[in-house]
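# Working through the structure, step by step
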Amino acid sequence: NKFRRVALLGAKGVGKSSIVTRFAEDTFLESYLPTIEDSYHATCKHRNETYNLEILDTGGQDEYSYLGTQLTIGVDGYVFVYSICDGGSFDMIPVAHRLLSEALGTEKVPKILVGNFLDAADKREVSSEEGKNLAEKLNCPFVECSAKSGQNISKVFTLLLAEVEGMYFQR
Ligand code: GDP
Ligand code: MG
């Protein structure tokens, strides 16, 4: 099996930990666990190949945060997460993207934009159109998902893996 390492970025409370635990362990916690930060392991298929993914969960980015080397060295792809019910978390995505690009010295890195909380669409503050437009600007795929229901969670990682492998192929 091939090994790939990916990381989740985004504001606090958007569901980063919930997405990774839903994907890796198929569980969901209603309670907020802001201090739990860890790496998780899961397998993912792409073009008849099984990949072992290490998924790095992070505490959340803001304008003042610093992206340490554990998030910039040896990471193959990034998941930018916001909540469709939190416009502020959506506005943080370009900030997190700029921080990452500065830390990496390039914008050319495999990534995906993810709008979580799809199960709570009645409280939606960010339209799918806005998400799609931002993804176009960032030049990456876009998907809305729910860590609570599990909807589209595996799609997040299969789409990211396709980006990661596509970029390997280009080199
Ligand atoms: P993080 O700070 O980005 O890691 O966010 P968490 O994963 O800790 O989630 C923050 C809160 O939102 C927790 O109470 C979760 O149970 C809840 N949550 C996470 N994802 C979803 C989701 O897709 N739908 C709903 N309704 N709640 C969610
Ligand atoms: Mg978390």
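Scope of this entry: the structure provided in the associated data block. Predicted model only: the values in this text are computed from it and were never measured.

### Brief notes about the nonpolar core
- In this structure, L8, V79, F80, I112, V114, V156 and L160 are the most contacted members of the largest nonpolar core, which totals 48 residues.
- Secondary-structure elements contributing two or more residues to this core are β1 (2–10), α1 (16–25), β3 (49–56), β4 (77–83), α2 (87–104), β5 (111–116), α3 (128–138) and α4 (153–170).
- Per element, the largest residue contribution to this core is 7 residues, and it comes from α4.
- L8 has contacts with K16, I19, V20, I55, L56, D57, T58, V79 and V81, leaving out every residue within four places of it along the chain.

### As for the site of ligand 1
- Near ligand 1, the surroundings consist of 21 residues, among which G15, K16, S17, S18 and K148 are the closest.
- Looking at which element gives the most residues to the shell around ligand 1, the answer is α1, with 3 residues.
- Partitioning the shell around ligand 1 into residue classes produces 8 nonpolar, 8 polar and 5 charged.

### Let's talk about the environment of F23
- Mapped onto the elements, F23 comes out in helix α1.
- Setting aside its immediate chain neighbours within four residues, F23 contacts A42, I153, S154 and F157.

### Topic: α3
- Within the span of α3, buried status applies to G131, L134 and A135. The buried residues of α3 all sit within an arc of 100° when viewed along its axis, so they share a single face. Among the exposed residues of α3, those oriented more than 90 degrees off its buried face are E129, N133, E136 and K137.
- Summarising the contacts, the buried residues of α3 are in contact with α2, β5 and β6 (142–144).
- Where α3 ends, the next residue or the one after it, N139, has phi of about 65°, a positive value.

### A short note on unusual backbone geometry
- A positive phi angle is found at R47, which is not glycine, with a value near 50°.
- Residue position: R47 is located in the loop between β2 (39–46) and β3.
- R47 gets classed as exposed once you count the C-beta atoms within 10 Å, which come to 8.
- Residue N139 is not a glycine yet carries a positive backbone phi of 65°.
- The exposure class of N139 is exposed, given the 9 C-beta atoms found within 10 Å.

### A few points about the sheet that holds β3
- As summarised here, the arrangement of the 6 strands in space is β2-β3-β1-β4-β5-β6, forming an open sheet in which the pairing is mixed. Sheet topology places β2 and β6 at the edges, where each strand pairs with a single neighbour. Between one strand axis and the next, the sheet turns by 30° as a mean value, whatever way the strands run.
- Two elements, β5 and β6, share 3 bridges in a ladder whose sense is parallel. Across the sheet, residue G115 finds its bridge partner in β6, namely E144.
- The strands touched by α2 are β1, β4 and β5; relative to β4, the strand with the most contacts, the crossing angle is about 160°.

The rules behind each value
- Residues numbered from 1 in each chain as written.
- Chains lettered and ligands numbered in written order.
- Predicted model: local features only at pLDDT ≥ 70, side-chain atom pairs only at ≥ 80, totals over all residues.
- Core = buried A, V, L, I, M, F, W, Y, C linked by C-beta atoms within 7 Å.
- Buried ≥ 20, exposed ≤ 12 C-beta atoms within 10 Å, placed from the backbone.
- Helix = DSSP H or I, 4+ residues; strand = E, 2+ residues; numbered from the N terminus.
- Contact = placed C-beta atoms within 7 Å.
- Near = placed C-beta within 6 Å.
- Nonpolar A, V, L, I, M, F, W, Y, C, P; charged D, E, K, R; others polar.
- Arc of directions from axis to C-beta.
- Pairing = 2+ DSSP bridges.
- Axes fitted to C-alpha atoms, helices over the stretch in contact; angles between N-to-C directions.

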